[in-house]
Amino acid sequence: MKGYFITFEGPEGAGKTTILSILHAELSKKGYDVISTREPGGIEIAEQIRSVILDKNNTKMDGRTEALLYAASRRQHLVEKVIPALEEGKVVLCDRFVDSSLAYQGYARELGIDEVLSINEFAINGLMPSLTLFFDIQPEKGLTRIGKNSQREVNRLDLENLSFHQKVYEGYLKVADRFKERFHTINAELSIETVTKEALSVIEKHLNKG
Ligand code: TMP
């Protein structure tokens, strides 16, 4: 495929959503044909699945059900939005992808990174990102940041305790180590300006590599 598939990962409160929207604007200004999207969601069917997964009332949801729903929403989003954009040669910036499932469901929910990877391999059918930016922030700091943002929706996973979010963080470190060739870690505890500048420079280098 002609385009570039770039994913943004990190624990809650890493600032990746804000940074993604700034980068979208910067890259468009520089003449790149960019789209941004998010998981779970990005298209109607996947947004519907998102609302089931993240509904605070769905306290009975089993871990494997959760993992399968994320994978189902991922599949639909790829087919309807990501693959067509890549075929047109676009740069696709995606807020979360398969590594979120490996860190949250595989490691933090203890379903197993390999097990969650295998259901996701079925869903993505070989389509992995060429670059993944990992926005690295200690979970305590991330949670403090989101606590201060009154505009943000509170979802079912936000209600998990600090030890769950610490496991998510540890899970990300394991996943980043496993997929070193596509992961680039950015210190997200620095100012938004600094983090955005570094992310832009990493993305441009990647796009210029061809
Ligand atoms: P968001 O807050 O970044 O929109 O993500 C929604 C929540 O879903 C967030 O708590 C992370 C979680 N998540 C998973 O647990 N597994 C996944 O595969 C994805 C994409 C998100």
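The coordinates are above.
Residues numbered from 1 in each chain as written. Predicted model: local features only at pLDDT ≥ 70, side-chain atom pairs only at ≥ 80, totals over all residues. Heavy atoms only, no water.

Attention shifts here to the pairing of strand β3 (residues 91-95). With five of its five residues buried, β3 lies for the most part within the structure. Judged by which residues are buried, β3 turns out to be covered on both faces: V91, L93 and D95 on one side and V92 and C94 on the other are all buried. Inspection of the sheet shows strand β1 (residues 4-9) paired to β3 by five bridges, in the parallel sense. Note on β3: the bridge partner recorded for F5 is V92. Where strand β2 (residues 34-38) lies against β3, five bridges are found, and the strand directions are parallel. Within the sheet, the bridge partner assigned to I35 lies in β3 and is V92. (Buried < 20%, exposed > 50% of the residue type's maximum accessible area, 1.4 Å probe, protein only. Helix = DSSP H or I, 4+ residues; strand = E, 2+ residues; numbered from the N terminus. Pairing = 2+ DSSP bridges.)

Time to look at the environment of E66. Along the chain, E66 turns up in helix α3 (residues 63-87). Judged by relative accessible area, which is 0%, E66 ranks as buried. Of the polar contacts made by the side chain of E66, one reaches the side chain of Q105; its length is 2.6 Å. Of the polar contacts made by the side chain of E66, one reaches the side chain of R109; its length is 3.0 Å. (Polar contact = N/O pair within 3.5 Å; in protein donor to acceptor, adjacent residues only side chain to side chain.)

What follows deals with the side chain of R156. In this structure, R156 sits in the loop between α6 (139-148) and α7 (162-178). Under the relative-accessibility criterion, R156 is labelled buried at 10%. Not counting residues within four places of it along the chain, the set of residues in contact with R156 comprises I53, L54, D55, K56, N58, M61, E66 and R109. (Contact = heavy atoms within 4.5 Å.)

Surrounding the ligand, one finds 16 residues, the nearest of these being E12, Y70, R96, S101 and Q105. Note that an oxygen atom of the ligand is positioned 2.9 Å from one of the side-chain N or O atoms of R50. Q105 is positioned with one of its side-chain polar atoms (N or O) 2.8 Å from a nitrogen atom of the ligand. Starting from 470 Å² of accessible surface for the ligand in isolation, the protein chains cover 95%. Of all the cavities here, the one that holds the ligand is the largest pocket. (Near = heavy atom within 4 Å. Areas by Shrake-Rupley, 256 points an atom, 1.4 Å probe, with all protein chains shown as cover. 1 Å grid on protein atoms, 1.4 Å probe; cavity = no way out; pocket = protein on both sides within 12 Å on 5 of 7 lines; lining within 4 Å. Sits in = over half its atoms within 2 Å of the grid points.)

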